[in-house]
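Fold and geometry: a report
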Amino acid sequence: MNEFFNLATDAQGISHLSLNRPERMNTMSPPFFPALRDAVRGLHDAGRTRALVISSTGKHFSAGMALDTFATDDAMLDTRSARSRLSFQDSLRRLMDCFTALDEARFPVLGAIQGGCIGGALDLAAVCDMRYCTADAFFCVQEINIGMAADLGVLQRLQHLMPAGLARELAYTGERLGAERALACGLVNAVLPDADALLAHVMGLARSIADKSPLAVATSKLALNHARDHGTAAALAQMSLLQSAVFDTAEMGQAISAWKSKRPAEFAPLNPVANL
């Protein structure tokens, strides 16, 4: 465990990662990112997780990167010379990769967001498969308000989640997007009255996903992600290769039998990934 979040996986394969620094508005400092990456990739490699819920504690989901991070003499932020700028690029790519781990995970990631989802927290929310929020939630590309462009993926992902013009408005102005408008534009799937109702709703959805074949769910995520990033022809070509690699009539037989008899199916977890 670490100072930033708690992580547990139940018997059904639902993993729950809860940000646990409410006294600091769940802000992120540099060690947060590799901790998140390693936790998510650990779940990916183990194969037991069928859905991951990311939630938070306290009034706000997260206020993003702790501002004191930018006031340090950390070598990672040094851009005073050509050599330091070259290193900065590599450091930034590694930070980006910490959120990309969620995109590459073999299971869906569901974000449960209450209160403020600000700056780097919106980068985290944007990489989730689905987002749900409380009625008092708001979303903000805070980086523009402190004199920088957001750089951990929100500018690249937000335009796939809402109208491009609205994504640009948020990116250029730093204004808050409230819960109802977030629902109307498709950034979130549902708005719940409070944090308890939110977590109950999202956990229910996670259980529904966990009831399905993890092989079929993982395949669907691979196909959806590829289609998002490629044209239709390339995505269809990838689907033909992907389906030929994972098509499993025994898995389908289990699902069909369970569906007909109106009972839960018992699917084997995914195989672990070799630790190389």
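Reading the values: rules and limits
- Residues numbered from 1 in each chain as written.
- Predicted model: local features only at pLDDT ≥ 70, side-chain atom pairs only at ≥ 80, totals over all residues.
- Heavy atoms only, no water.
- Helix = DSSP H or I, 4+ residues; strand = E, 2+ residues; numbered from the N terminus.
- Rg over C-alpha atoms; globule rule 2.2 N^0.38 Å.
- Buried < 20%, exposed > 50% of the residue type's maximum accessible area, 1.4 Å probe, protein only.
- Areas by Shrake-Rupley, 256 points an atom, 1.4 Å probe, with all protein chains shown as cover.
- Lys, Arg positive; Asp, Glu negative; His and termini not counted.
- Charge placed at Lys NZ, Arg CZ, Asp CG, Glu CD.
- Pairing = 2+ DSSP bridges.
- Contact = heavy atoms within 4.5 Å.
- Axes fitted to C-alpha atoms, helices over the stretch in contact; angles between N-to-C directions.
- Patch = residues over 30% accessible without salt bridge, like charges linked within 9 Å, V, L, I, M, F, W, Y side chains within 5 Å.
- Salt bridge = Lys/Arg side-chain N within 4 Å of Asp/Glu carboxyl O.
- Parallel < 35°, antiparallel > 145°, perpendicular 65-115°, else oblique.
- Left-handed = near helix turned anticlockwise from the far one by under 90°.
- Nonpolar A, V, L, I, M, F, W, Y, C, P; charged D, E, K, R; others polar.
- Phe/Tyr/Trp six-rings, centres within 6.5 Å; stacked < 30°, edge-to-face > 60°.

1. A closer look at the overall build of the chain
When its secondary structure is counted, the chain shows ten helices and nine strands. Taking 276 residues into account, the globule formula puts the C-alpha radius of gyration at 19 Å, and the chain, at 19 Å, falls close to it. Reported as C-alpha extents along the three principal axes, the dimensions of the chain are approximately 60 × 45 × 40 Å. Taken across its 276 residues, the chain has 44% of its residues classed as buried. Of the roughly 14,100 Å² of accessible surface on the chain, a fraction of 57% belongs to carbon and sulfur atoms. Taken together, the 25 basic and 28 acidic charged side chains of the chain have centroids lying 4 Å from each other.

2. Focus: the sheet that holds strand S5 (residues 116-118)
Pairing is mixed in the open sheet, where three strands are placed in the order S5-S7-S8. One side of each edge strand has no neighbouring strand; the edge strands of this open sheet are S5 and strand S8 (177-178). Note: S5 against strand S7 (residues 138-140), three bridges, orientation parallel. From the neighbouring strand, Ile118 faces S7, where its bridge partner is Cys140. Contacts from helix H3 (residues 120-127) reach S5 and S7 within the one sheet, and its direction differs from that of S5 by about 95°.

3. Observations regarding a nonpolar patch on the surface
A surface patch of nonpolar side chains, amounting to about 480 Å² of accessible area, comprises Phe247, Met252, Ile256 and Trp259. Looking at where Met252 falls in the secondary structure, it is placed in helix H10 (residues 249-261).

4. Description of the sheet that holds strand S1 (residues 5-9)
If you walk across this open sheet you meet the six strands as S1-S2-S3-S4-S6-S9, and the pairing is mixed. Edge positions in the sheet fall to S1 and strand S9 (190-192), since each has one partner strand and no second. The sheet shows a mean angle of 20° between the axes of neighbouring strands, taken without regard to direction. Examined bridge by bridge, strand S3 (residues 51-55) and strand S4 (residues 109-113) share three bridges and lie parallel to one another. Its bridge partner lying in S4, Leu52 is registered against Val109.

5. Things to note about the packing of helix H2 (residues 82-104) against H3
At a minimum axis separation of 9 Å, H2 and H3 run at an interaxial angle of 20°. Taken together, the axes of H2 and H3 lie roughly parallel to each other. Both H2 and H3 take part in a crossing whose hand is right-handed. Across the interface between the two elements, Phe99, Leu102 and Asp103 from H2 touch Gly120, Asp123, Leu124 and Val127 from H3. Broken down by class, the residue content of the contact of H2 with H3 amounts to four nonpolar, one polar and two charged.

6. Observations regarding the packing of aromatic side chains
Across all of its chains, the model carries four aromatic pairs by this definition. Note on Phe4 and Phe32: the rings are 5.6 Å apart at their centroids and 75° apart in plane angle, and the pair reads as edge-to-face. Of this pair, Phe4 sits in the segment before S1 while Phe32 sits in helix H1 (residues 32-46); the two residues are 28 residues apart in sequence, bridging distant segments of the chain. For Phe32, a relative accessible area of 2% corresponds to the buried category. Summarising the aromatic geometry, the rings of Phe5 and Phe32 are spaced 6.2 Å apart at their centres and angled 90° between planes, so their arrangement reads as edge-to-face. Highlighted residues: Phe5 in strand S1 and Phe32 in helix H1, separated in sequence by 27 residues. Across this residue pair, the class does not change: Phe5 and Phe32 are buried. Aromatic ring contacts, followed pair by pair, group Phe4, Phe5, Phe32, Phe33 and Phe99 into a single cluster.

7. Section: the environment of Ala35
By the secondary structure assignment, Ala35 is in helix H1. Here the alpha-carbon distance between Ala35 and Glu104, two residues 69 residues apart in the chain, equals 16 Å. With near-sequence residues (within four places) excluded, Ala35 lies in contact with Asn2 and Phe5.

8. So, the side chain of Asp123
Among the structural elements, Asp123 can be located in helix H3. Buried charged residue Asp123 carries no salt bridge. Nearest counter-charge: Arg157, at 6.2 Å. What Asp123 contacts, discounting residues up to four positions off in sequence, is Phe99, Glu143, Leu152, Gly153 and Val154.

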